[in-house]
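These are the residues of each chain, in order.
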Amino acid sequence: MTIMGSEAVDRSVSLTAQALRRVAHLDWSVPAAGLEWSCYDTAVHVASDFAGYATQLTGRSTSGYAPFAISAAPGTTPDGLIQVIEATGGLLSAAVAVTDPEVRAWHPYGMAGPDGFAAMGVVETLLHTHDILTALGVHDWEPDADLCEQVLDRLFPQVPRDIAAPWPTLLWVTGRDELPGLPRRTAWRWYAEPIIAERVVLCEISPLVAGDLRDGGTGGFAWAEDGPGEGTRVASGMVAKAREEGTFRPGWGAYAVVRTQDRRAIGGIGFHGAPDAEGNAEVGYDLVPSARGNGYVTEALKGLVAWAFEQPGVTALHARVDADNAPSHGVLVRAGFERTGSTEDGGARYTLRAAGR
C-alpha cells in the first residue's frame, strides 16, 4: 500500500491552482459538473476539506469533525478562492508532515492516519478541479498519472488496474465516468484503512453501498463473473436496514472480500451486528463459487477476527454452520474457532474467544 505524504498534497494543490487560474476569468456561479454546488461553492468545499482534515489530525478527533466552518469573505473572486485553496492545502500538508504515522482520527469512512488524510485531500482537490473545469468548458485536463496511481493504491484497493489509465480509472471509481465493461457507479466510497489479509483485502460495505447491493447493483465493486452472491446481498440488506433503524455501527456490518491479484470482489464477510453487552458478536461469510477452494475465506476470516479483537470490549466471536457444509466447518477450524454446540436445526455452533477470556 502506498504511503502518501505532504509532498503529494503539495503537488495536487499546485496542479489545482495552475488549472483553475486559467479559468478564473469565467463565471463560477454555474453548477459544477455532476454536483449541486456552483463552481464557486465547490472551491470553498475543497478548502473546507483541507482545513477539516488538518484539524482532525491536529485535534486528534475520534468522534466527529471539529465544529467550525470555512467560508469565503463576501466579494471574494475566483482568484481569491484559489488563494484560499493554496493556504488551506498548506495547512493540511503541514499537519500531515508533523503528525506521527500511528495517530488515527475520525472520518465518516473510518479512522485514518496522516497518510490517509493526505490521500483524501489529494482526491478531493483533483476530482473537484475536474468538476469545476468541466463545467467551465475544459474537458482535457489530466493530472499526473503517478499521483492518480498513488491515490488509487492508497484509497481504492478494490479497483482493477488493467482496464484503463490511472486518471480515467479514478474518474470511474468516483462515479464520474464509465469504463469498458464497467458502468458508471451510482454508489462509491474510498477506504483509508481496509482490513488487509494475505491475498485479499476487506472493504466495508457502508450503508449507501449496501443499499445499492441490496437492490441489485454492484455496490461500486468490480465483481467476479458469478458475483455478488445472494448471501452478500442479504447481508447488505441487513446493513441498510440497521442504518434505517438507527442501529448501524461502522465496522460491525458487512465487508466485500476483494482478491488483490485482480482486485475483483469475490464474496462478502462480516458481522450480523455490533457486539452485545457481554462483548459477543456473530460472523458470517459468502464466497462466489468460482473462488472457492483456494483458502480466501480463511484468510479473510482471520483478518476480520484480528480486527474485531482489537476493538474495546469484544470478548468472543461466534458462527453457525449447517451440518453438511464441510468446507465452512474447515474454514472456522483453520481460523481458530472451536465447536461449542449445536443449533436448533442440527447445525453446529463455533466460538473463538479473545485471549485471556
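Right above here is the structure, for reference.
Nothing here was measured: the structure is a model prediction, and the numbers come from that model. (Residues numbered from 1 in each chain as written. Predicted model: local features only at pLDDT ≥ 70, side-chain atom pairs only at ≥ 80, totals over all residues. Heavy atoms only, no water.)

Engineer: I'm lost on the packing of aromatic side chains in this one. Help?
Structural biologist: Pairs of aromatic rings are described using the distance from one ring centre to the other and the angle between the two planes. In this structure the tally under the stated criterion is 10 aromatic pairs. Between Phe221 and Trp223, the aromatic rings sit 6.1 Å apart at their centres with planes inclined by 75°, giving edge-to-face as the arrangement. Since its relative accessible area comes to 9%, Trp223 is described here as buried. Clustering of aromatic rings is evident, with ring pairs tying together Trp252, Tyr255, Phe271 and Trp307. Here Arg185 stacks its cationic end above the ring of Trp172, 4.2 Å away from the centre of that ring. (Phe/Tyr/Trp six-rings, centres within 6.5 Å; stacked < 30°, edge-to-face > 60°. Buried < 20%, exposed > 50% of the residue type's maximum accessible area, 1.4 Å probe, protein only. Lys NZ or Arg CZ within 6 Å of the ring centre and 35° of its normal.)

Engineer: Can you walk me through the pattern of salt bridges in this structure?
Structural biologist: Any two side chains of opposite charge can pair, on the condition that their charged atoms come close. Taken as a whole, this structure holds 15 salt bridges when the rule is applied. Glu282 is the salt-bridge partner of Arg320, the closest N and O atoms lying 2.7 Å from each other. With Arg320 in strand β6 (residues 316-321) and Glu282 in strand β5 (residues 280-287), the pair connects residues that are 38 residues apart, well separated along the chain. Ionic pairing is found between Glu344 and Arg349, a salt bridge with its closest N-O pair at 3.3 Å. You can call Glu344 exposed: its relative accessible area is 74%. Through salt bridges with shared partners, one network takes in Arg214, Asp215 and Glu244. (Salt bridge = Lys/Arg side-chain N within 4 Å of Asp/Glu carboxyl O. Helix = DSSP H or I, 4+ residues; strand = E, 2+ residues; numbered from the N terminus.)

Engineer: Sorry if this is basic, but what is going on with the packing of helix α4 (residues 114-135) against helix α5 (residues 145-155) here?
Structural biologist: When two helices pack together, their arrangement is given by the angle between the helix axes and by the axis-to-axis distance. Direction vectors running N to C along α4 and α5 enclose 130°, while the axes themselves pass 10 Å from each other. Judged by the angle between their axes, α4 and α5 are oblique. Here α4 and α5 pass one another in a crossing that is left-handed. From α4, Asp115, Gly116, Ala119, Met120, Val122, Val123 and Leu126 reach across to α5, where they touch Leu147, Cys148, Val151, Arg154 and Leu155. Split by residue class, the contact of α4 with α5 holds 9 nonpolar, 1 polar and 2 charged. (Axes fitted to C-alpha atoms, helices over the stretch in contact; angles between N-to-C directions. Parallel < 35°, antiparallel > 145°, perpendicular 65-115°, else oblique. Left-handed = near helix turned anticlockwise from the far one by under 90°. Contact = heavy atoms within 4.5 Å. Nonpolar A, V, L, I, M, F, W, Y, C, P; charged D, E, K, R; others polar.)

Engineer: When you look at the pairing of strand β4 (residues 264-271) in this model, what are you seeing that I'm missing?
Structural biologist: Each regular strand shows side chains that alternate between the opposite faces of the sheet. Of all 8 residues that make up β4, 7 are buried, and the element is covered over most of its length. Pairing of strand β3 (residues 254-259) with β4, which is carried by 6 bridges, proceeds in the antiparallel orientation. Note on β4: the bridge partner recorded for Val257 is Gly267. Between β3 and β4, which follow one another and run antiparallel, lie 4 residues, and Arg263 among them has a positive phi close to 60°. Looking at chain direction, β4 and β5 are connected through 5 bridges and run antiparallel. Looking at β5, one finds that Phe271 is bridged to Val283. (Pairing = 2+ DSSP bridges.)

Engineer: Got a minute to help me understand the sheet that holds strand β2 (residues 200-204) in this structure?
Structural biologist: The pairing of strands in a sheet happens through backbone hydrogen bonds and is either parallel or antiparallel. Taken together, 8 strands build an open sheet; the order of strands is β1-β2-β3-β4-β5-β6-β8-β7 and the sheet is mixed. Of all the strands in the sheet, the pair left with one neighbour each is β1 (195-196) and β7 (338-342). Across 5 bridges, β2 lies against β3 in antiparallel orientation. When the bridges of β3 are listed, Glu204 appears paired with Tyr255. Along the sheet, helix α8 (residues 230-245) makes contact with β3, β4 and β5, crossing β5 at roughly 140°. Taken strand by strand, helix α9 (residues 296-309) contacts β1, β2, β3, β4, β5, β6 and β8 (348-353), and its axis lies near 40° from that of β4.

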